[in-house]
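# Examining the three-dimensional arrangement
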Amino acid sequence: MTNSQSWRPFIMVSLALIMGTVGTALASPLYPIYQELWNLLPSQITYIFVAYMFGCLATLLFFGRASNSFGFLRTLQAGMLFVILGLALSAVSQNAMMLSMARFLVGIASGLISTSAMLGLIYTIPDSHKQNAPQLSSIITVVGFGLGPLTGGIIAQFSEKPLFTPYLPIIAGALLCLLGLFSIPSKPAQKQPFSAAPHLQLPIPQYHGLFHIAGWTAFSAFAAFSLFASLAPSFIKDIIPWHGPLISGMTISSILMVSALTQFFAKKIPPRKALNAGLIAFIASFSLLAVCIGAEWSLLFFVSVFGAGLGHGLGLLGAFGMIHGMTNLDNRAAVMSTYLFVGYLGTILPIIAVGFLSDYYGFSVGILSFCAALGLLCAVLLFVQRKMHTALQH
């Protein structure tokens, strides 16, 4: 009985993390339905998607240390409240502005939950499994993100109200999790005075070059996933014979599942080699997607999705390992915040650019431009990283 009680707080925090992350990507397979119903331009879809990222980025920048001041439990409860509010507003949204506001609230929730749940899992896991907490946190996060578009896609595919019904079970689950969190005893801890000042920092000067390579690799990984999560549901109907929320949801989820499996099986690969392999996978994925768009060969689309998942997993695994190697306990959190800030820019800048290009020149030009720009960035990163490594050896 004692053993089951000791696991209960950890399970409650894990469920809250899953429900929070499920809510973040739930809307992705629904974007084509919104686009058709509200006569939206591709750029307006990207604005709705990017509103979430702005909420998340603002929270990480200004409230990233909230858990240190208010405790992980209170911060996690606040995050769950924002999830419920954001999803409820999404369910009743009547236009793009309302939906963008709803996605912004979900973004705030994601920022609060990602930081507080990571701390919460470390605090609540039984001592015998303490060393596994970071890995479990990563797996739980990816599972939650993967379940979001899959759940939204399945429910929307078979629902009479595809823009309303998918949100209901997640709102109900989030409410139950929020109530469950109030049953966890909060331990008194040394609390820091609250500060909303952004705390960004670079590593020591000798690592600046490697930091930029790791940061821009994360930028590429976040951009690749965001392209599939925001615009792929709209453009895949022209290149594959099956379409609908279910196919869109499965496409987005498969990238994250391939990424999670890759990170699990490749965890012993040295960071530099993993990062190189990730960049090569991205170059191959973007090249295949470009050919797929031009030739409308559906098989290439699925190979490209697999390549994006592989690049996402290997690239982030390598980049994270490199950041870990160039920091210490004193500066790791601040350098990691800077790294994530660069990464999250990849979810905003390239996606807005693709949306604008697609408005004026069509999806093909928008997607081909993305593939060319990101493929070139990955090639430059690969070349510079190898050149730096050769210089260090000599």
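To be clear, the structure that these remarks concern was listed above.
Here's a quick rundown of the structure. Since we're looking at a predicted model, the values are computed, not measured.

Our next topic: the environment of Met19. As for its position among the elements, Met19 is in helix α1 (residues 2-25). We classify Met19 as buried; its relative accessible area is 15%. On a C-alpha basis, the gap between Met19 and Ile113 in space is 9.9 Å, while along the polypeptide they are 94 residues apart. Setting aside residues no more than four positions away along its own chain, Met19 makes contact with Met80, Ile170, Gly173, Ala174 and Cys177.

Among the surface-exposed residues, Ile139, Val143, Leu147, Leu261, Phe264 and Phe265 lie close enough to one another that they form a single nonpolar patch of about 550 Å² accessible area. Taken together, the elements giving at least two residues each to the nonpolar patch come down to α7 (133-157) and α11 (245-265). Along the chain, Phe265 falls in helix α11.

In this section: the packing of aromatic side chains. As enumerated under the stated definition, the model contains 10 aromatic pairs in all. Both rings, one in Tyr34 and one in Trp38, keep their centres 4.9 Å apart while their planes meet at 40°; by these two values the pair is tilted. What makes Trp38 buried here is its relative accessible area of 18%. Centre to centre, the rings of Tyr47 and Phe356 are 6.3 Å apart; their planes meet at 75°, and the pair counts as edge-to-face. Of the two residues, Tyr47 sits in helix α3 (residues 42-63) while Phe356 sits in helix α15 (residues 349-361), which places them 309 residues apart along the sequence. According to the relative accessible area criterion, Phe356 is partly exposed, its value standing at 38%. For the cation-ring pair, Lys267 lies above Phe264, with the distance from its terminal atom to the ring centre recorded as 4.0 Å.

Attention shifts here to the environment of Ala109. With respect to the helices and strands, the residue Ala109 is situated in helix α6 (residues 96-124). Of the residues examined, Ala109 reaches a relative accessible area of 0% and is grouped as buried. Put simply, Ala109 and Val83 are 26 residues apart on the chain and 5.4 Å apart in space, counted from C-alpha to C-alpha.

Right, let's talk about the side chain of Thr24 for a bit. Relative to the elements of secondary structure, Thr24 occurs in helix α1. A distance of 2.5 Å separates a polar atom in the side chain of Thr24 from the backbone oxygen of Thr21. With sequence-adjacent residues up to four places away left out, Thr24 is seen in contact with Tyr52, Arg103, Val106, Ser110 and Phe145.

Rules of the game
Residues numbered from 1 in each chain as written. Predicted model: local features only at pLDDT ≥ 70, side-chain atom pairs only at ≥ 80, totals over all residues. Heavy atoms only, no water. Helix = DSSP H or I, 4+ residues; strand = E, 2+ residues; numbered from the N terminus. Buried < 20%, exposed > 50% of the residue type's maximum accessible area, 1.4 Å probe, protein only. Contact = heavy atoms within 4.5 Å. Patch = residues over 30% accessible without salt bridge, like charges linked within 9 Å, V, L, I, M, F, W, Y side chains within 5 Å. Areas by Shrake-Rupley, 256 points an atom, 1.4 Å probe, with all protein chains shown as cover. Salt bridge = Lys/Arg side-chain N within 4 Å of Asp/Glu carboxyl O. Phe/Tyr/Trp six-rings, centres within 6.5 Å; stacked < 30°, edge-to-face > 60°. Lys NZ or Arg CZ within 6 Å of the ring centre and 35° of its normal. Polar contact = N/O pair within 3.5 Å; in protein donor to acceptor, adjacent residues only side chain to side chain.

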